[in-house]
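# Secondary and tertiary structure notes
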Amino acid sequence: MPAIIEVQNVSKSYWRDSFEVPVLNGITFSVPEGEFLGLMGPSGSGKTTVLNLIAGIDKPNGGSITVAETNIAALSESQLAKWRSTHVGFIFQFYNLLPVLTAYENVELPLLLTSLSKTDRRKHVEAALSVVGLSDRMDHYPKQLSGGQEQRVAIARAIATDPTILVADEPTGDLDKNSAEEILTLLERLNKEFKKTIVMVTHDPRAAERAHVVRHLDKGELK
Amino acid sequence: MKIPFKYIVRSLFTRRLTTAITVVGVALVVFVFVAVLMMANGITQTLIGTGSDDNVLIARKAANGEISSIITNDVYGVMASLPQVARDADGKALITGDVVVIINLQKVGPDGGMSNVTVRGVSAPAFQLRPQTKIVEGRMYAEGAREIIVGSSIARRFQGAQIGNTIRFAGDNWLIVGMFDTGGNGFNSEMWGDVRQLQSAFSREGAYSTVTFRLTSPDQFDAVKTAFEQDNRLQEFEVKTERQFFADLSEFMSIFLSALGIFITSFFSVGAMIGAMITMYAAVANRTVEIGTLRALGFKRRSVLAAFLIESLIISLTGAAIGLFLASFLGFLQVSTLNFGSFSELEFSFALSTDIVLLAVVFSLFMGFVGGFLPSIRAARLNIVNALRSA
Amino acid sequence: MKVLKLMLKNALRHKLRTTLTILGIAIAVVAFGFLRTVVTAWYAGVEASAANRLVTRNSVSFIFPLPYSYRDRIARIPGVETVSFASWFGGVYIDKNQFFARMAVDAQTILDAYPEFRVPPDQLEAFLKERNACIVGADLARQYGFKLGDVIPMDGDIYPGKWEFVVRAIYQPRDEKIDGTQFFFHWTYLDERMKANTPARAGEVGWYIIKIADPVDAASISSQIDEMFANSRAETKTETEAAFQQSFIQGTSLIINLFNFISFVIIGIIMLVLGNTMIMSARERTKEYAVLKTLGFSAKHLVGLIAGESVIISALAGGLGLLLTYPVVGAFSLVVPKSWFPVFYIEPSTIVLAGTAALAVGIAASFFPIQRALRTSIVDGLRFVG
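Notes on the structure follow. This structure is a prediction, so every number in the text was calculated from the model and none was measured.

## Some points on the packing of aromatic side chains
Taken as a whole and assessed by the stated rule, the structure comprises 60 aromatic pairs over all chains. With a centroid separation of 6.2 Å and 40 degrees between ring planes, the pair formed by B:Phe343 and C:Phe248 is classed as tilted. Pair noted here: B:Phe343 is in the loop between strand E13 (334-339) and strand E14 (344-349) and C:Phe248 is in helix H10 (residues 241-250), and the two residues belong to different chains. Aromatic pair C:Phe244 and C:Phe248: ring centres 5.1 Å apart, planes at 90 degrees, arrangement edge-to-face. On the criterion of helical spacing, the pair formed by C:Phe244 and C:Phe248 is a turn pair, its members being four residues apart in helix H10. Three or more aromatic residues link up through ring pairs in this structure, and these residues are C:Phe89, C:Tyr93, C:Phe100, C:Tyr144, C:Phe146, C:Tyr159, C:Trp163, C:Phe165, C:Phe183, C:Phe185 and C:Tyr189. The ring of A:Tyr14 is capped by B:Arg389, whose NZ or CZ atom sits 5.9 Å from the centre of that ring. A cation over a ring is seen here: C:Arg102 above C:Phe100, with NZ or CZ 4.4 Å from the ring centre.

## With respect to the interface of chain C and chain B
Counting residues at the interface gives 61 residues for chain C and 68 residues for chain B. On the chain C side of the contact with chain B, C:Val60, C:Arg233 and C:Leu254 bury the most area, a combined 11% of that side's loss. Scanning the region where chain C abuts chain B turns up one salt bridge. The salt bridge partner of B:Arg168 is C:Glu235, with a shortest N-O separation of 2.9 Å. There are 15 residue pairs in polar contact (both at pLDDT 80 or more) connecting chain C and chain B. When contributions to the side of chain C that touches chain B are tallied by element, the ones reaching two or more residues are helix H2 (15-42), strand E7 (151-156), H10, helix H11 (253-284) and helix H13 (299-335) of chain C. In terms of residue count, the dominant contributor to the side of chain C that touches chain B is H11(C) (18 residues). Looking at the side of chain C that touches chain B, its residues break down into 35 nonpolar, 16 polar and ten charged.

## Considerations on the environment of B:Lys107
On the secondary structure map, B:Lys107 appears in the loop between strand E3 (95-106) and strand E4 (114-122). Take B:Lys107: its relative accessible area is 9%, and that puts it in the buried class. A C-alpha to C-alpha distance of 9.3 Å links B:Lys107 and B:Arg156, two positions 49 residues apart in sequence. Other than its neighbours up to four places away in sequence, B:Lys107 contacts B:Gly112, B:Gly113, B:Met114, B:Ser115, B:Arg157, B:Phe158, B:Gln159, B:Glu345, C:Gln250, C:Gly251 and C:Ser253.

## Looking at the interface of chain B and chain A
How big an interface is tends to be expressed through the accessible area that disappears when the partners come together. The interface of chain B with chain A comprises 23 residues on the first partner and 25 residues on the second. Note on chain B versus chain A: buried area summed over both sides is about 2,200 Å², and carbon and sulfur give 64% of it. Considering only the surface of chain B that becomes buried against chain A, B:Arg10, B:Leu297 and B:Val385 emerge as the three largest contributors, covering 26% of it. Where chain B packs against chain A, one counts four salt bridges. Taking the shortest distance from any N to any O, the salt bridge between B:Lys6 and A:Glu105 comes out at 3.4 Å. Across the contact surface, chain B and chain A share ten residue pairs in polar contact (both at pLDDT 80 or more). Of all elements in the fold, only helix H1 (5-14), helix H9 (288-297) and helix H12 (384-389) of chain B reach the threshold of two or more residues within the side of chain B that touches chain A. For the side of chain B that touches chain A, the element with the highest residue contribution is H9(B), accounting for seven residues. Looking at side-chain class alone, the side of chain B that touches chain A contains eleven nonpolar, four polar and eight charged residues.

## Digging into the sheet that holds strand E4 (residues 62-67) of chain A
All names here are of chain A. The antiparallel open sheet is built from four strands, whose spatial order is E2-E1-E4-E5. Unpaired on one side and paired on the other, strand E2 (19-32) and strand E5 (70-71) mark the two borders of the sheet. The pairing of strand E1 (residues 3-16) with E4 spans five bridges and is classified as antiparallel. Bridging from a neighbouring strand, Ser11 pairs with Gly62 of E4. Contacts from helix H1 (residues 47-54) reach E1, E2 and E4 within the one sheet, and its direction differs from that of E2 by about 65 degrees.

Calculation rules
- Residues numbered from 1 in each chain as written.
- Chains lettered and ligands numbered in written order.
- Predicted model: local features only at pLDDT ≥ 70, side-chain atom pairs only at ≥ 80, totals over all residues.
- Heavy atoms only, no water.
- Phe/Tyr/Trp six-rings, centres within 6.5 Å; stacked < 30°, edge-to-face > 60°.
- Helix = DSSP H or I, 4+ residues; strand = E, 2+ residues; numbered from the N terminus.
- Lys NZ or Arg CZ within 6 Å of the ring centre and 35° of its normal.
- Contact = heavy atoms within 4.5 Å.
- Buried area = accessible area lost by both parts, 1.4 Å probe.
- Salt bridge = Lys/Arg side-chain N within 4 Å of Asp/Glu carboxyl O.
- Polar contact = N/O pair within 3.5 Å; in protein donor to acceptor, adjacent residues only side chain to side chain.
- Nonpolar A, V, L, I, M, F, W, Y, C, P; charged D, E, K, R; others polar.
- Buried < 20%, exposed > 50% of the residue type's maximum accessible area, 1.4 Å probe, protein only.
- Pairing = 2+ DSSP bridges.
- Axes fitted to C-alpha atoms, helices over the stretch in contact; angles between N-to-C directions.

Right, dumping it as structure tokens:
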């Protein structure tokens, strides 16, 4: 299978006050299309950093990152924003739904960045919400939903624009056992049935089990 | 601007108390701003309504107001013979020489201090020249008697200024026999009497303060002006339309109030702006994760900037609307003050105008923009990763 | 005093917010201070009045004259030390926007009646000798660049015609409370022209200024004078100088009330800004206050903490604001012609008022957050996420 994500010799450091903290040291790997990749590693290993770089919300200091044949490391911020809106679907540990918007409106949010008409947007939102099984909660606000339900809405938001890849940062980190199960099953389904490429960072070994491939990061190096 | 409007509006409601406080602050500033301008405008409107463009009023060039102007009888004669002076059906010239003085009276009410009231001695044509002046109670003064009529504002606001009272001045008692109303212009704050009586009482025989006459037609004004410039008997005197003359009397007060009001309001508006800034900074700080999420989803920096700026503008516009609404009630108030231009009492209403409303709106938009600008920039400049991490 | 340290640290925690709050309040205090200064300047005439001076004017109004013949009759009343007089000249200097007080006075006695106008003896002598000489105030001289020997032309309105005056003396006001922008010339100069042109107006005086030996006699001497001229063609009204000055401002009570109202609004805005900040801060620290309560801190401590922080901020802001008011008032004095606001300085009462207001606001703004902190139970507080 062709690699949909190619990470070549990427390095990244952060600045804490006046200290430069190197996090990634020239890592190279690729993710074939349709893969469900799990990234694990201790705190500070750089796994979230890798995720952020692949998702285009951060830029490497060196190296190149190619996603669906676009070298995103070379894009400007403005171009990256546009790229993200159609190519990446985000799933965060704390769901990050906008509290003042309903479930429907949260899922619709990324669609507002496209040129779809209101009617077309409605179709996409309803489709996404039905995939995650929350069609009956469209008009609820996040505070009226349980943690598991919020995460499902977040997933609906992530798939609404039919993005190239899905990235998930500790998607089950804040959920109880049953809700975590639901979410992982959903992710599996998205991967198997809808052929979505998923890169997931996790601490949880049960979550890791569901991935096809698990790689470990330690001190910025991939094992 | 792709960030949905409903997100902006609803976000305003999540921090109700602090948003409300900011709105009230802006409302207060706008209220004071508008009130002061309404006062200045009210004075101007009242005085503009005092004169008409059909009449011209002549005063001595150097005079500051009617009371310091003197026009002697012979000069009056020259003016009366000008061809531009209109005549009534009986051929009588529509011209009046007025004697204008000021007397001190005690105000009614708890403020109860003294103030100055204009007393105007007029001749019969004055009532044809100023048709809005109508006797509403009592009767007209009798020529040859020590009688006067009072404007409704004076009757209302001064002690002993009602029909039946006598006022003592110039060594004599003057009986108030009637009350007149002019529909709310400057004459409402005056007392009128027979010019001959007042001239003799104040030893001003042979001279008037000002002369007013009706033009044969309004476009004759320039001709009159030229006549004054060319006739060397008239060179010391200045002719203006009656409306212009009284409007000019409001100039000093109007500018004084507006300038002082705007100066001070600008100052404390900074307080309201800073209040808005603090509120917006807090809003940004509280929604850092949301901002990061929006950016991660692909919304651009400038959309975030615009969203917060609009939030700030909504706050200030709401404040302006409240301030304007409350200020508009001032229009029902009738108040009175000493007009510096004429050195005597003038009753007026606060008057709103479209210009004032526009200014208030622009001012509030400015406040909202300045208050929201820096916080919006901060929101836009957030680094996505850091913003998301701050959860 | 560890609590004080905690208060200060709290205030400094959110440096931007605290700075903005202090700035916002300070600027509002400047507006307040400036406005109060305008109001006190309004009363300058009253403030500068002397208890031993009376003013006699025509009872009808200030614009009607009194006969010159009254002078000797007033002078004979026991308790009267000096009788001087003045007439308002008005007129136009250059254009109608050049406003300053122009008066014809009794040259021999005027400076006796007004010892707060200081004139060097040699200048006084020069002034007395020349019939169209004039005295100008030092502030006026500075405003227009008048020097001794300058000729000042004027266009009369009340007293029509062209007039010329020569500057022979410049008076220094005794202190900042005294108007230094006045212009005096010989009444005899005015009168002689009246005798020549309009004899009916000769021998008329605007108002009399009477210096009495003992301020206690003010009321009785006033009535004596008025009784003396009752039922004459020109009846008089005599009152203390303070009352006379006061009568000028009474007509403008609406404007003064407006200014006072605006002062309150300014205080209101200060309260809103500070209150807003305190509410935000207190809200953020809900959990901390709960923790403090579990540690044993009582309501009293919390009240002190919150109120203390609020007062520190308002005190700092008030102080800063007052300091800034001085340059603002100074700048205003420079830009605006001195003769429009002859006496314009920050009075102690303004400082006290602003200081008290700042303190009061500091305390008031902490009510809401204190109430909230006290009412939130420890359990709820610990749970707070904000």
